[in-house]
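# Observations on the model geometry
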Amino acid sequence: MKSLLLVSVAWMLAAAQYNYHQGLMDYLENRLLAIEDRMHLWHQQSRRYHTDLQDFQKLSADAITALKQEHAKLLEDLDGAAVQVDRVEREMDFVASQTSPRACVRKADQVVEQGAWGLEQSRAEEEDWEELHSRVADCEEIISSIRSVKILKRVGGPKGTWVRDPRSSKVYLFNGTTGDRVLQYDSVREFAGSAGVDDSRLIRLPSDWTGSGSAVYNDYLFFVKQEAGSDLQVVKYDLLSRSVSDTAMFPIQGHTSVYSLNPETLVDLAADDEGLWLLYAAADSEPNISLAKMDPGTLDIEQIWDTRCPRDNAEAAFVICGTVYVVYNTRLPSRSRVQCVFDVNDMVRSEEAPLLYFPRRYGAHASLKYNPEEKQLYAWDDGYQIIYRLSMKRKLLV
């Protein structure tokens, strides 16, 4: 009886253990089937994503190919337009050189073009000069456009200054941003026909000039002298006697460049119908260009203005009839443009101020010097000497 009971108990335990293992096996099998179904679903989604990615890559490749073709076509069109613009500019330069338009129809202009303003001019010519000088005393003109461009030649390095004295018609070249040598030519025509430096007359100054801001005004050369540990000096040099006529200290803080794109120029001297001007930076922290009116006889500062024209990205400036025109560019030279104008007499309205673009040439302007007699700008652009003829209009009275 006991043995039968033991057998029954053993059988029951074996059956329970079998059921447990069978249930565990069924659970594991169901989980594996679920995992296989999930893996199958993931595989299908992965294949679909891969197909979609291949389609997207194909569409992207087609779009990139189309964009490259369009870009090549645009570059071709731009090259063609640039060729046409260069051709038109050359034709304009040729026409301008053939017609040689004058800024003013006056007898005095003919005298200046012929280079007759020298020491040996007659008393009648002196009277013509005084008459012309009195006519421009009340200057009320502003630039309306750049009339034409004339590239004379290439002499010197990428930076420098060249000017023409409206009284004597002589041309002066300052090659580089510092030195004590100035090249002189009797006229623009002589300079254009010369072989360069060898055909010039050399003027040796008693001290070095600094920057691209020198000016020539009524047979006097004005330049900036910089000495270590001292204030800047404006030097007045007599071109007839070849001697220093006067000097004046010009105290500015920090010796900061007036134009961020031409850091060598600390002070830019400019001459126009109303006299001599100085463009400078008042201090390192001052973001705008300052303007000072200087008496060319005594070198005394008569008045100072804040032009509200920023120094950042400025490459040069010039003054016409008491109006400052600041020329801007970019770090990688593009088309220079006048984008800030300041008039000391408040005769220029903001809507009247011109937004002028210079024709794209070689690099950036190292200097721009205005000649009030001819109404022309003498520019130094990457070693090229360029003349911009200007069209003028009357200022609007406010």
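Since the structure is predicted, the reported quantities are computational estimates derived from the model, not experimental observations.

## Topic: the sheet that holds strand S10 (residues 267–272)
Taken in spatial order, the four strands of this open sheet run S10-S11-S12-S13, and their pairing is antiparallel. Two strands in the sheet have a free side with no partner beyond their single neighbour: S10 and strand S13 (301–310). Along the sheet, successive strands turn relative to each other by an average axial angle of 25°, direction set aside. Summarising the sheet, S10 and strand S11 (residues 275–280) pair through six bridges and their orientation is antiparallel. Of the residues in S11, the one forming a bridge with aspartate 268 is leucine 279.

## Remarks on the packing of aromatic side chains
Enumeration over the complete set of coordinates arrives at eight aromatic pairs. Each ring, one from tryptophan 162 and one from phenylalanine 191, has its centre 5.4 Å from the other, and the planes form 40°; the classification is tilted. Of this pair, tryptophan 162 sits in strand S2 (residues 160–164) while phenylalanine 191 is found in helix H4 (residues 188–193), placing the two residues 29 residues apart along the sequence. The same class applies to tryptophan 162 and to phenylalanine 191, which are both buried. Both rings, one in phenylalanine 358 and one in tyrosine 388, keep their centres 4.9 Å apart while their planes meet at 70°; by these two values the pair is edge-to-face. In this pair, phenylalanine 358 sits in the loop between strand S17 (356–357) and strand S18 (365–371) while tyrosine 388 sits in strand S20 (residues 384–394), placing the two residues 30 residues apart along the sequence.

## Regarding the pairing of S20
Across the eleven residues that make up S20, a large majority, eight, are buried. As defined by bridge partners, strand S19 (residues 376–381) adjoins S20 across six bridges and the pair is classed as antiparallel. What sits directly across from tryptophan 380, in S20, is glutamine 385. With antiparallel pairing between neighbouring strands as the criterion, S19 and S20 make up a hairpin whose turn holds two residues, including aspartate 382 at a positive phi of roughly 55°.

## As for the state of the cysteines
Overall, the coordinates contain one disulfide when judged by the stated rule. Here cysteine 309 engages in a disulfide with cysteine 340; their sulfurs sit 2.0 Å apart. Here cysteine 309 and cysteine 340 share a disulfide; its torsion about the S-S bond, -85°, makes the bridge left-handed. Pair noted here: cysteine 309 is in strand S13 and cysteine 340 is in strand S16 (residues 337–343), with a separation of 31 residues, a long-range link. The exposure class of cysteine 309 is buried, given its relative accessible area of 0%.

## Examining a nonpolar patch on the surface
On the surface, a cluster of nonpolar side chains totalling about 550 Å² of accessible area is made up of Tyr20, Leu24, Met25, Tyr27 and Leu28. When you line up the elements, tyrosine 20 lands in helix H1 (residues 2–99).

## What to know about the confidence of the model for the protein
Averaged over all residues, the pLDDT of the protein is 82; the fraction at 70 or higher stands at 83%. Across residues 96–126 the pLDDT falls below 50, and counting only partners more than four positions away or on other chains, this stretch makes 45 contacts in the model. Low pLDDT, under 50, characterises residues 128–137; the stretch is placed with twelve contacts to residues that sit more than four places away or in other chains.

## Some words on the sheet that holds S18
Spatially, the four strands line up as an open sheet ordered S1-S20-S19-S18, and their pairing is antiparallel. The open sheet has two edge strands, strand S1 (141–154) and S18, and neither has a second partner. Averaged over all pairs of adjacent strands, the angle between strand axes in this sheet comes to 20°, irrespective of strand direction.

Cut-offs applied
- Each chain carries its own residue numbering, running from 1 in the written order of its sequence.
- At least 70 in pLDDT is required for a residue's local features to be given in this predicted model, at least 80 for side-chain atom pairs to be given and counted, and no such filter applies to totals for whole chains, interfaces and linings, which use all residues.
- For the side-chain quantities, the full set of heavy atoms in the structure was used; hydrogens and water were omitted.
- When DSSP finds two or more bridges between two strands, those strands count as paired.
- Numbering of helices and strands runs from the N terminus, with a helix taken as a DSSP run of H or I at least four residues long and a strand as a DSSP run of E at least two residues long.
- Here, axes are lines fitted to C-alpha atoms. For helices the fit covers the stretch in contact, and angles between N-to-C directions go from 0 to 180 degrees.
- Aromatic pairing here means that ring centres of Phe, Tyr or Trp (its six-membered ring) are within 6.5 Å. Orientation follows from the plane angle: under 30 degrees is stacked, over 60 is edge-to-face, and everything else is tilted.
- Residue exposure (1.4 Å probe, protein chains only): buried if accessible area is under 20% of the type maximum, exposed if over 50%, otherwise partly exposed.
- Cysteine sulfur atoms that pair up within 2.5 Å are treated as a disulfide.
- Surface patches are drawn from residues lacking salt bridges whose relative accessible area is over 30%; two like charges belong together within 9 Å, two nonpolar side chains (Val, Leu, Ile, Met, Phe, Trp, Tyr) within 5 Å.
- Every accessible area reported is derived by Shrake-Rupley at a probe size of 1.4 Å, with residue values counting cover from the shown protein chains alone.
- The salt bridge criterion pairs a side-chain nitrogen of Lys or Arg with a carboxyl oxygen of Asp or Glu, the two atoms within 4 Å.
- Known as pLDDT, the predictor's confidence for each residue is given on a scale from 0 to 100.
- In this analysis, two residues are considered to be in contact whenever any of their non-hydrogen atoms come within 4.5 Å of each other.

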